[in-house]
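Residues per chain are reported as follows:
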Amino acid sequence: MAVVAGFDDPTASLEQYPTPAGVAAHVVHLADLRGGVAGRTVVDLGAGTGMFALGAALRGAARVVGVELDGGALGVARANERRVGARTEVHWVRADATRPPLARDRLAAAGPVTAIMNPPFGAQTGNEHADRAFLKTVAGLADVSYSVHNAGSREFVEAFAADEGGTVTDAFAATLTLDRTYDHQTSESADVDAEVFRIEWPRDG
């Protein structure tokens, strides 16, 4: 995972930053231990340069779909796929991750669907609550999801999941060590406190 390259030209309004390889590997490993990766369909919404999607591919997912709006990031993701050499092919889709051209019935044709994602925290002005739209999308696509959120989000995530009929089954803290990405940042690196949530979503029928 450490060989996965980050963004060539990140966009602040999209809150683009690379998910640290260690955090991504830990989340994918935990998802796999719970039966959510190997042999399953895995969707990464807001895939960026492919860290979670490629992690799932390396862990033996049956099918992986990475959805990303930024064409430049998808180009890096495709190069990263070649770099890591995973046996599972990743289907890269350029689209708004909150309105992806994915159908639940087609995704689930081969079995349960897992979503693993690091959505925008909504820290940028005009982009508040961005993670809400990602969770809303996942609720309609996945049987289970793993998502990274800003520290202090547990009350919001649990309430949102409950409103959609879902249940937060696990929550744990994570530290994202991020290198300086944008001109307005003054430190060469910073530790960002985050939380990761596992949510089980209801399926009709």
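Residues numbered from 1 in each chain as written. Predicted model: local features only at pLDDT ≥ 70, side-chain atom pairs only at ≥ 80, totals over all residues. Heavy atoms only, no water.

Draft legend 1. How the structure looks around the nonpolar core. Counting residues in hydrophobic clusters, the biggest one holds 31 residues, and the most contacted among them are Val37, Val64, Trp92 and Ile116. Sorting the residues of this core by element identifies helix H1 (21-33), helix H2 (51-58), helix H3 (71-84), strand E3 (90-94), strand E5 (144-150), strand E6 (167-179) and strand E7 (189-200) as the ones contributing at least two each. Broken down by element, the residue count for this core peaks at six residues, all from H2. Those residues in contact with valine 64, other than ones at most four positions away along the chain, are Val42, Ala53, Ala56, Ala57, Thr88, Glu89, Val90 and His91. Core analysis: the second largest hydrophobic core is formed by 23 residues, Leu107, Val157, Ile199 and Trp201 among them. (Core = buried A, V, L, I, M, F, W, Y, C linked by side-chain atoms within 4.5 Å. Buried < 20%, exposed > 50% of the residue type's maximum accessible area, 1.4 Å probe, protein only. Helix = DSSP H or I, 4+ residues; strand = E, 2+ residues; numbered from the N terminus. Contact = heavy atoms within 4.5 Å.)

Draft legend 2. Geometry of the packing of aromatic side chains. Counting across every chain of the model gives one aromatic pair. Summarising the aromatic geometry, the rings of phenylalanine 156 and phenylalanine 160 are spaced 6.1 Å apart at their centres and angled 50° between planes, so their arrangement reads as tilted. Here the residue phenylalanine 156 and the residue phenylalanine 160 both occupy positions in helix H6 (residues 154-163), the gap between them amounting to four residues, near one helical turn. A relative accessible area of 23% places phenylalanine 156 in the partly exposed class. We classify phenylalanine 160 as buried; its relative accessible area is 7%. (Phe/Tyr/Trp six-rings, centres within 6.5 Å; stacked < 30°, edge-to-face > 60°.)

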